[in-house]
Amino acid sequence: MSKTKIANQNYSLKNFDTIPMLKPHTPLLDGVDSPDDLKKMSTAQLQQLADELREFLLYTTGVSGGHFGSNLGVVELTIALHYVFNSPKDQIVWDVGHQAYPHKILTGRRDKLTTIRSQHGLTAFPERHESEYDTFGVGHSSTAISAGLGMSLAMRYLGKHDKVVSIVGDGAMTGGMAFEAMNDAVQQNADLIVVLNDNDMSISQATGGFSKHLATLWQRGLAVDIDKNGDAIFTKRVISSEDRRIRHYLHMANEALDDWTSRLPNKIVEKLAEKGIPKPSQLETLPEKIANKLIDEVFPENLFKAIGFQYFGPFDGHDVAKLTQVFERVKQLKGAVLVHVHTVKGKGFLPAECDPITYHAITKLKKINPVQEKSVPVDSQKPAPTPAKKYSQVFGEFICDKAATDKQLMAITPAMAEGSGMTEFAKRFASQFFDVAIAEQHAVTLAGGMATQGVKPIVAIYSTFLQRGYDQLIHDVALQNLNVMFAIDRAGLVGEDGATHAGVFDIAFMRTVPNMVIACPKDENECYNLLNTCYEHIGPAAVRYPRGNGIGAEIDKNQAMYPIGKAALEQTIEATAADTSNVAKKVAVLAFGTMVKTAVTACQNLAETYPTTTFFVYNMRFVKPLDSELLDTLLAQNCSIVTLEEHQIMGGAGSAVNEYLVAQAAKTSQTLPTLLNIGIPDKYIAHGSPEQQLADCGLDVAGVVKQMQTILS
């Protein structure tokens, strides 16, 4: 049975405009060591707790750095979930996980939150080994519904009756995997609650038809509520002109009633006219039959209802009292249920509300040292050195420069325009820019389709996310030898983001694919010109470059072309003493990408200890094809060979070198030289600073020196 009522905002929350430098006073929060402590609180206390939690988040994220806006936006939602559901018996599954800081705080990790993303500290995402409350490890999007469904089906088989709640953002809902799971949940008649955290954002502004669909549901000014018996209640809501979704359909509020009445029977239309309801914001309580008809007629295009989910919402995601009421009632229902809540990314911190893209994540704030605040003599003041460009900036400059002269260039990103350095390109070349939302598989095949028409698509994608489009890379691009370039950002270790975002598998999974070209630049200049080289190449090609800043190399923008598959001798360090055995000792270090600089420094250090050895450092530039002429020469000279890469050893560039040398040695009956592969071992590398991660893998200068000594002694 359906009813109607009017919903109004009946809460207030505290707003902040600065990040506190000192730990704030949080008496309620200090008493929360587990979700059980929430259940003792009144509704008024929950709202106070939300204010304290938000302020504590501001403080701790200022100390540690990390994801920011998304966490501020789910404070009330997280409190309501842990207040109503009995975690960890009830399984709460977070999608992506960058919004799980409040969850960590409320589940016994409050005092460790300032260690997040630092070595040996808390991880940036939910991780099963960290807490029993982290039910599923995440880091990539669109997985929560599948994981939650798996839990629900297994629990049903085992005779358990606990609840499963999957929280997924509207950005993550653009990933096809989410809809695959929803389709299966209905087919399996599973008990599963999906909470759609709709903030009209991913990292960037949400795009596409699904975003417009959610805007339609929100801006009608109507909602499907639930009463204590589990029945639907038809309600109206107040629509704010400040809502970001107004960008989709500014006309919707005035034309919504015409849209409804065009599909309603005349008697219903007449009844509405009698009530004097010209638009949804003036909707009053209606008779029950009309309310039922409105729910059927106004929401027929609701995607979730069409799939087969029971739909409730949209609700204000910052009204903790309302959220707890809804969850208490929804958890009594059977079957697949979706609760649609609207939140504001960066809620409560005014700068983040105004600029949610910039405040998606922040770096650590510098602590104020009173001694440093004293005035400094003018003659000792020096201008700060200009920081080296980020590799994403180099890519952004390249595509703008190239598009200025080549109208065939098409740039594609799966919702990572800012992170990939494409914002300027998107403004200047809007008709050549395609943000496909969080849909990596689609992005790759889209590029393949474009290439069949004679244009040159570039897929700008993080290494860790290209893993999701591997089948498409093989089947839809490489197999057809289509002219697509992949600009692979965040190749290698990624510091504080940890194992979920590390780009340490791409060489292994790409080099086995026929027709692929794989390039690894050593610095910013080489990155720019290898991008140009691979762009001009006819066929599938990839340029992989790391996160963060380069080394400050000056960029020659004459768009040079490097010969594909050719290495360059970076430096020779001649022996300074004669060997008593009269046998010349030679070591060739084949360095890939940014490891070139490390290789040079390591060999310079080793030359002091091993003066009778000559060291050759090669900048390999390409993993595929390898410089076979160089390898043949080294094999003939029986030169000891060291490979150095910021990638998994297993299947990586060093493995490619080994395969070639073993095959050639057998073919030509030559002696196989001493081989040493230096790279990332067969394990996931925990989060920490980039320097700490490199040291952990033995990829800093000291680690490389130590490993090379094993073949020199």
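What you see is a predicted model; the values in this text were computed from it and never measured.

Student: Would you take a moment to explain the confidence of the model for the protein chain for this structure?
Tutor: Overall, the prediction assigns the protein chain a mean pLDDT of 87, with 85% of residues at 70 or greater. Taken together, the stretch residues 246-261 has pLDDT below 50 and engages in 34 contacts with residues farther than four places along the chain or on a different chain.

Student: Explanation requested: a nonpolar patch on the surface in the structure shown.
Tutor: On the surface, Met21, Leu22 and Leu365 cluster together into a nonpolar patch covering about 300 Å² of accessible area. Mapped onto the elements, Leu365 comes out in the loop between strand 10 (361-362) and helix 15 (391-403). Judged by relative accessible area, Leu365 falls into the partly exposed class, the value being 35%.

Student: Explain the packing of aromatic side chains here, please?
Tutor: Centre distance and the angle of the planes are the two values used to describe a pair of aromatic rings. Tallying each qualifying case throughout the model produces 12 aromatic pairs. Between Phe85 and Phe327, the aromatic rings sit 6.0 Å apart at their centres with planes inclined by 55 degrees, giving tilted as the arrangement. Taken together, the residues span a long stretch of sequence, with Phe85 in the loop between helix 4 (75-84) and strand 3 (91-94) and Phe327 in helix 13 (residues 320-330) at a distance of 242 residues. A single burial state applies to Phe85 and to Phe327, both of which are buried. Measuring from ring centre to ring centre gives 5.6 Å for Phe398 and Tyr528, while their planes differ by 90 degrees; the resulting arrangement is edge-to-face. With a gap of 130 residues between them, Phe398 in helix 15 and Tyr528 in helix 21 (residues 524-536) connect regions that are remote in the sequence. An identical accessibility class is assigned to Phe398 and Tyr528; each is buried. Positioned over the ring face of Tyr535 is Lys456, at 5.0 Å from the centre of the ring.

Student: Mind showing me how you'd approach the sheet that holds strand 18 (residues 585-591) here?
Tutor: Across a sheet, strands are paired by hydrogen bonds formed along the backbone, either parallel or antiparallel in direction. The 5 strands lie next to each other as 17-19-18-21-22, forming an open sheet whose pairing is mixed. Single-partner strands in this sheet number two, and they are strand 17 (568-573) and strand 22 (675-680). Across the sheet, the axes of successive neighbouring strands diverge by a mean angle of 20 degrees, strand direction being ignored. Bridging between strand 17 and strand 19 (residues 613-619) involves 5 bridges; their strand directions are antiparallel. Paired with Leu569 across the bridge in strand 19 is Tyr618. Strand contacts of helix 24 (residues 653-668): strand 18, strand 21 (640-648) and strand 22, with the helix running at about 145 degrees to strand 21, the strand carrying the most contacts.

Cut-off values and rules
- Each chain has its residues counted from 1, running along the sequence as written.
- Given that the model is predicted, a residue must reach a pLDDT of at least 70 before its local features are reported, and side-chain atom pairs must reach 80 or more before they are shown or counted; all residues, however, enter totals for whole chains, interfaces and linings.
- For the side-chain quantities, the full set of heavy atoms in the structure was used; hydrogens and water were omitted.
- The predictor rates its confidence in each residue with pLDDT, a number between 0 and 100.
- Contacts are residue-level and defined by heavy atoms, with any inter-residue pair within 4.5 Å sufficient.
- The patch calculation keeps residues exceeding 30% relative accessible area without a salt bridge and links them within 9 Å when they carry like charges or within 5 Å when they are nonpolar (Val, Leu, Ile, Met, Phe, Trp, Tyr).
- With residues, only the protein chains shown are counted as cover, and all accessible areas are computed by Shrake-Rupley using a 1.4 Å probe.
- One speaks of a salt bridge when a side-chain nitrogen belonging to Lys or Arg is within 4 Å of a carboxyl oxygen belonging to Asp or Glu.
- Here a strand is any run of E in DSSP of at least two residues, a helix any run of H or I of at least four, and the numbering for each starts at the N terminus.
- With a 1.4 Å probe rolled over the protein chains alone, any residue whose accessible area is under 20% of its type maximum counts as buried; one over 50% counts as exposed, and the rest are partly exposed.
- Aromatic rings from Phe, Tyr and Trp, with only the six-membered ring used for Trp, were paired whenever their centres fell within 6.5 Å, and each pair was classed as stacked if the ring planes differed by under 30 degrees, edge-to-face if by over 60, and tilted otherwise.
- Placement of a charge over a ring requires the Lys NZ or Arg CZ to be within 6 Å of the ring centre, with the centre-to-atom vector within 35 degrees of the ring normal.
- What makes two strands pair is DSSP finding at least two bridges between them.
- Helix axes are fitted to C-alpha atoms over the stretch in contact, other axes to C-alpha atoms as well, and angles between N-to-C directions run from 0 to 180 degrees.

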